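Examination of the molecular architecture
Take a look at the letters that make up each chain.
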Amino acid sequence: MNYMNNPQSQRRFYSDIRHTVSSAIKSENSYHPVESYGSAVEDLLKTHIKEKCSTAIDLGSYTGKWLSHLGKYAQKIICADLIDNNFSMIQERFKEEKFDLSFYLTEGNELSGIEDESVDFIFSIDSLVRCDGNILKEYFKEFSRVLKPNGKVIIHYNHSPAKDMPVIPIREGREICQNTDFIIIDELEIFTLGVVMVALK
């Protein structure tokens, strides 16, 4: 089974990859590099988060690619991922930054170890593009639970055919979001693959 299509096979694929800071940066530059897309992500956060809040989740944090941007908008960031290989590297990489880091090892469709209504916003870029609609449904239930009232979700998912990637049509993505009582406030195509949805609880 293709590793891109379910959390279990993704975990198997990534479980032996252990990055250093230099190899992490090299890996990050192989897709949607910060140098090319960082300003778009910054604009996205500035538009929808606006000011620094208490707690955010970086879902699918992997090597911490977007943490410097997220740290401008959250005092504490919970790095959630299927593997914990990079958690210690992330801690070392961002030890001089003015935000706090914690880590959560997810099964790939849950955030059960994170408290109810404890998070201001959830951010996920380049991760949920590997998930199908069933996983997105499970995550939206969790988003609803962990977010504070008026909390926001910024998620990137794949809506068109691409090699090895599951597709969630725009209409289905919207239905999943709205059926969990979120209000969609923006949809943008700022990356070469997929759409970014911003939703309000």
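Refer to the structure presented above.
A brief look at the structure comes next. (Residues numbered from 1 in each chain as written. Predicted model: local features only at pLDDT ≥ 70, side-chain atom pairs only at ≥ 80, totals over all residues. Heavy atoms only, no water.)

**Section: the environment of Asp 186**
In plain terms, the rule: Secondary structure follows DSSP: runs of H or I at least 4 residues long count as helices, runs of E at least 2 residues long count as strands, and numbering of each begins at the N terminus. Working definition: with a 1.4 Å probe on protein chains only, accessible area under 20% of the residue-type maximum means buried, over 50% means exposed, and in between means partly exposed. Residue contacts are defined here by distance: any two heavy atoms, one from each residue, within 4.5 Å place the two residues in contact. Pairing of N or O atoms within 3.5 Å defines a polar contact, subject to two protein rules: one partner must be a possible hydrogen donor and the other a possible acceptor, and residues neighboring in sequence count only if both atoms are side-chain atoms.
Its place among the elements puts Asp 186 in strand β6 (residues 183–188). Residue Asp 186 is classed as partly exposed on the basis of its relative accessible area of 23%. Sequence spacing of Asp 186 and Val 196 is 10 residues, and the spatial spacing of their C-alpha atoms is 8.1 Å. Setting aside residues no more than four positions away along its own chain, Asp 186 makes contact with His 48, Val 196, Met 197 and Val 198. Reaching out from Asp 186, the side chain makes a polar contact with the side chain of His 48 at a distance of 2.8 Å.

**Observations regarding unusual backbone geometry**
Positive phi values are uncommon outside glycine, yet Tyr 62 reaches one of about 50°. With respect to the helices, strands and loops of the structure, Tyr 62 is situated in the loop between β1 (53–59) and α4 (67–70). The exposure class assigned to Tyr 62 is buried, which follows from its relative accessible area of 15%.

**Quick look at the side chain of Asp 120**
Within the secondary structure, Asp 120 sits in strand β4 (residues 119–124). A polar side-chain atom of Asp 120 sits 3.2 Å from a polar atom in the side chain of Lys 148. In this structure, Asp 120 is in contact with Cys 53, Ser 54, Thr 55, Leu 147, Lys 148, Gly 151 and Lys 152, ignoring residues within four places of it in sequence.

**Observations concerning the sheet that holds β4**
What counts is decided by this rule: Strands pair, by our definition, only if DSSP identifies at least two bridges between them. Lines fitted to C-alpha atoms define the axes, with helix axes restricted to the stretch in contact, and inter-axis angles between N-to-C directions lie between 0 and 180 degrees.
Strand order in the open sheet made by the seven strands is β3-β2-β1-β4-β5-β7-β6, with mixed pairing throughout. Two strands lie at the open edges of the sheet, namely β3 (100–105) and β6, each paired on one side alone. Direction aside, the axes of adjacent strands within the sheet are offset by 15° on average. Pairing analysis gives three bridges linking β1 to β4, with the strands arranged parallel. Bridged to Ala 56 within β4 is Phe 121. In the packing of helix α6 (residues 133–146) onto the sheet, contacts are made with β1, β4, β5 (147–157) and β7 (195–200), and the angle to β5 comes to roughly 150°.

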